[in-house]
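The residues making up each chain are set out below.
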Amino acid sequence: MNTYRASRADQKDNKPKMNSSGRAGSPRLGRRIGSGAVLLFLLIAAIVTLFPIYMALLNSVKTQGEMLTNILAWPSMPEFGNYVDAFQKTRYLRSLGNTIIVVAVGLTGIILFSSMAGYKLSRTPGKLSAILFGLFVMSTLIPFHSIMITLVTISKELRLQGSTVGLGLLYIGLGVAVAIFLYHGFVKSIPRELDEAAVMDGCGEFRLFFTIILPLLMPITATIAILNTLWMWNDFLLPLLMLTNYKSYTLLLSTNMLFGEYNNDWSAILASLVLAMLPVIILYLALQKYILHGIAEGAIKA
Amino acid sequence: MTSRTWKRNAILLVFVLPALVFYAAFTLAPAFGGMWYSFTDWNGLGPSYKAIGLSNYVEAIGDRYFLKSLWFTVKFVLYMLVLQNVLAILLAVLVESLGRSKVWFRTIFFMPNMLSLIIGGFMWMFIFTRVFPYLADKTGWMLFDQSWIGDPNYSFFAILALSLWGGVGYLMIIYIAAIQGVPKQLKEAAAIDGAHAFHIFRHVTLPMIYPALTIGVFLTLNSSFKVFDSVYALTGGGPGRSTQVIAINIYEEAFSFSNRYGYASAKAMILFGIVLIITIIQLAVMKRREVRA
């Protein structure tokens, strides 16, 4: 179900509901005070939520001196030098590129491999299929910190440590289990007759999957893509352990390094935080509808 | 087995193999490897190590700092469990009661969830160490005039505030989805019968969103036992080791100062055991209540 459409739908439903409760005799004044209090509470909550982001934005265009005199005031003259500074110190474009490589490698692998596995596991009856599916589901409760030590050792052995592509490959191994689970459930909604008809027409297994099934999996693929992109983009600990050379640093690692090195230079740090947030916020505002829907869907099914 | 079954299973394996290879290498192998290393004295560097039985586990149980981090984490989990779910339900119910403006509030409340808690943590660090002292100067309020990062009694709440800020929106979205699933007729019927808003919530909405509550509690338990980023960004576990959570304790044991991979693995297995047991209990208890409700 589409969240946006759903919210539109119950807006329409709101009116008769208000009328009916009005008839039930609830005093109109009390109701108005009540909804005023609700709005006030939500406004305060929204201000608290946005306050850190607002403060970061505001003070990222001030000089250090101006920040000290009045931290809440608007800058007398916007100082964009902080951004130039942060841009260079975090090697912004390279860090952004590294992050994109990691996410792209991980996402491609997760979607391709889990859709294949999830589809066939869902379609094949029998013991082997059940055992394999159980094997994947089994791990979903294991906390990352319980496997990270050996994972780092293994990635050293395989010479993956220090490489952004290598990190992407690790994410494939960590991400497939949940994705297979989601695909496995979704495939059940696709009629089996479709497969049978295609096979009868002489369509091979792979062609059947890639040309007929995969496009039909699109809704759940979108959910999986959103959840995994958010996870990999914002993950900090694994890159921290894996990417040992600053040349392969992701956005988060570069920001963390800047924070460590220029501990008191808040203007540059805040500018770098804004720069690090920028891609995510743009993506969020552009794809909000899909993201919120994907989040709800993923959580309820998983 | 017939040849058709053989063929079917062979095709299955071809489809599953790519995922299985990555999964085996980067999830199964480390899980079993970690279990094995937890019984050894491996230091992560040399190739030689020997099995030492349960010594690591015995040591962990007597490790003052590990136990402290365990207690700190449990305290954190309990606060999160209550506050995160109560706030998320409250926001979900109030936002859903609005008209057109609900879209705006939903967008705003979810926004922090899009950001890494490392980024969020540094922004809150600025609030706690720069903005609060300024506000304390201007207003004289005690609230602002505390050492929110430096004093472990207060930094617990700083970590909590950051985690709530970054986590409530996610649960709110789940609860909103659940509330939208509650049939309108039920609420209308209750309203016609003269029930007040709170009673409608308590006796109609809440029982209907019980399955979502199971998810919310599950997600909160799971994520807050593993809390790492928000502590790392705000205090790094300090001052000293006073705000260490389990994940930070394991991380430091393995990678920061001692490199005792075997010992750290034992702690990691204890964390796994705790998460497993609590999840099983939680799901069993809440599923039973769900049926009753």
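Residues numbered from 1 in each chain as written. Chains lettered and ligands numbered in written order. Predicted model: local features only at pLDDT ≥ 70, side-chain atom pairs only at ≥ 80, totals over all residues. Heavy atoms only, no water.

**Considering the pattern of salt bridges**
Just so we agree on the cut-off: Here, a salt bridge means any Lys or Arg side-chain nitrogen found within 4 Å of an Asp or Glu carboxyl oxygen. Helix and strand definitions here come from DSSP, where helices need a minimum of 4 consecutive H or I residues and strands a minimum of 2 consecutive E residues; each element is numbered from the N-terminal end. Here's how the labels work: a residue is buried when its accessible area is under 20% of the maximum for its type, exposed when over 50%, partly exposed in between, all with a 1.4 Å probe on protein chains only.
Applying the stated criterion across every chain, the model contains seven salt bridges over all chains. A salt bridge links A:Asp265 to A:Lys89; the nearest nitrogen and oxygen atoms lie 3.9 Å apart. With A:Asp265 in the loop between helix H13 (251-261) and helix H14 (266-301) and A:Lys89 in helix H4 (residues 81-89), this residue pair connects regions lying 176 residues apart in the sequence. A salt bridge links B:Asp63 to B:Lys267; the shortest N-O distance between them is 3.5 Å. One end of the pair, B:Asp63, is in the loop between helix H2 (55-62) and helix H3 (64-96); the other, B:Lys267, is in helix H12 (residues 261-292), with 204 residues separating them in the sequence. Note on B:Lys267: relative accessible area 0%, which makes it buried. Salt bridges linked by common partners bring A:Asp85, A:Lys89 and A:Asp265 together as one network.

**Thoughts on the domain arrangement of chain A**
Residue and element names in this part refer to chain A. Rules: An automatic or database domain assignment supplies the start and end points of every domain. By definition in these notes, contact holds between two residues if any of their heavy atoms fall within 4.5 Å. Each of two parts loses accessible area, computed with a 1.4 Å probe, when they are put together; buried area is these two losses added.
Domain annotation for chain A reports domain 1 (27-79) and domain 2 (91-301). Each of domain 1 and domain 2 was reduced to a C-alpha centroid, and the two centroids are 35 Å apart. Taken together, the contact pairs nine residues of domain 1 with eight residues of domain 2. Among the residues of domain 1 in contact with domain 2, Ala56, Ser60 and Gln64 are the three that bury the most area, contributing 57% of the side total.

**Some thoughts on the interface of chain A and chain B**
Selection rule: A 3.5 Å cut-off defines polar contacts: any pair of N or O atoms within that distance qualifies, except that in protein one atom must be a possible hydrogen donor and the other a possible acceptor, and neighbouring residues in sequence count only when both atoms are side-chain atoms. Residues are grouped as follows: Ala, Val, Leu, Ile, Met, Phe, Trp, Tyr, Cys and Pro are nonpolar; Asp, Glu, Lys and Arg are charged; all remaining types, including Gly, are polar.
Across the contact, 102 residues belong to chain A and 92 residues belong to chain B. Of the roughly 9000 Å² buried between chain A and chain B on both sides combined, carbon and sulfur atoms contribute 80%. Of all residues in chain A, the largest losses of buried area upon contact with chain B belong to A:Leu141, A:His145 and A:Ile149, amounting jointly to 8% of the total for that side. Between the two partners, chain A and chain B, sit zero salt bridges. Run the count over chain A and chain B and you get 13 residue pairs in polar contact (both at pLDDT 80 or more). When grouped by side-chain class, the residues that make up the side of chain A that touches chain B number 73 nonpolar, 23 polar and six charged.

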